Every structure is written in structure tokens, then in C-alpha cells.
Amino acid sequence: MTVYGGWFRAVFAYGMGFAFVAYHPALALLGRADPLGLPGWVSWAAPGVAVLAAVAAATFWRTAVRHYQSAG
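Everything quoted here is computed from the prediction, not taken from an experiment.

**Concerning the overall build of the protein**
- A count of helical and extended segments in the protein gives three helices and zero strands.
- Starting at the N terminus, the α and β elements of the protein follow one another as α-α-α.
- Counting across all 72 residues of the protein, residues that qualify as buried make up 18%.
- Within the protein, counting contacts between residues at least 6 apart in sequence, those at least 24 apart form 21% of the total.
- For the protein, the exposed surface amounts to about 5500 Å²; the carbon and sulfur share of it is 70%.

Written out as C-alpha cells, the structure is:
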């Protein structure tokens, strides 16, 4: 992640979540400090964030299916 620029890193890590579910937990498992300066507990928060994202996606899906109107 440190190879990329600041805005690109922020989009991938937090906007899209790629680094949050792979990079930060890998740092925690390897026992390395985050070169981006985030606190250590952030690396262990990925499973909780995944659960929250799944709940949000399921809620969005149910709402969309409930309001769906067929075109045919």
C-alpha cells in the first residue's frame, strides 16, 4: 500500500475496502507496524467491518427487491 499515492491509497483502503480486508489484517498477523500510521487495533477491526458491510448489503438488497417493479 505504501507504493501508491495518498488519494489512491485512501480510495482503495477505505472507499473500496480492498486494503482494509487484506493489507491491515496481514500486518497484524505478521506483527508489523502500519507504515501508514494507523493504530494497531484497526488491523483487528476487519472482521467487524465485514459483518457491518454484509448487514448493510443485505438491507439494501431487501429494500431493492421489495421496491422492484417488473418491466414486463
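**Let's talk about the confidence of the model for the protein**
- For the protein, per-residue confidence averages 81 on the pLDDT scale, and 86% of positions sit at 70 or higher.
- Across the protein, helix H3 (residues 46-66) holds the top mean pLDDT of 89, while helix H1 (residues 6-15) sits lowest at 72.

**Here's the deal with the side chain of Ser-43**
- Mapping Ser-43 onto the fold places it in the loop between helix H2 (18-30) and H3.
- Residue classification places Ser-43 among the buried residues on the basis of a relative accessible area of 8%.
- Among all residues touching Ser-43, those that are not within four sequence positions of it are His-24, Pro-25 and Ala-28.

**A short note on the environment of Ala-28**
- For Ala-28, the location among the structural elements is in helix H2.
- Between the C-alpha atom of Ala-28 and that of Val-42, which follows or precedes it by 14 residues, the distance is 9.1 Å.
- Leaving out residues up to four positions away in the same chain, Ala-28 has contacts with Ser-43 and Trp-44.

The rules behind the values
Starting afresh in each chain, residues are numbered from 1 along the sequence in its written order. Note on the predicted model: pLDDT of at least 70 is required for a residue's local features to be given, and 80 or more for side-chain atom pairs to be given and counted; whole-chain, interface and lining totals, by contrast, use all residues. In computing side-chain properties, one takes all heavy atoms of the structure into account and sets aside hydrogens as well as water. Each helix is a run of DSSP H or I of at least 4 residues and each strand a run of E of at least 2, with the numbering of both proceeding from the N terminus. Residue burial is assigned from relative accessible area. The probe radius is 1.4 Å, only protein chains are included, and a residue is buried under 20% of its type maximum, exposed over 50%, and partly exposed in between. Every residue pair with non-hydrogen atoms within 4.5 Å of one another is taken to be in contact. Each accessible area value is a Shrake-Rupley result obtained with a 1.4 Å probe; residue values ignore everything except the protein chains displayed when judging cover. Note on scores: pLDDT gives the predictor's confidence for each residue, bounded by 0 and 100.

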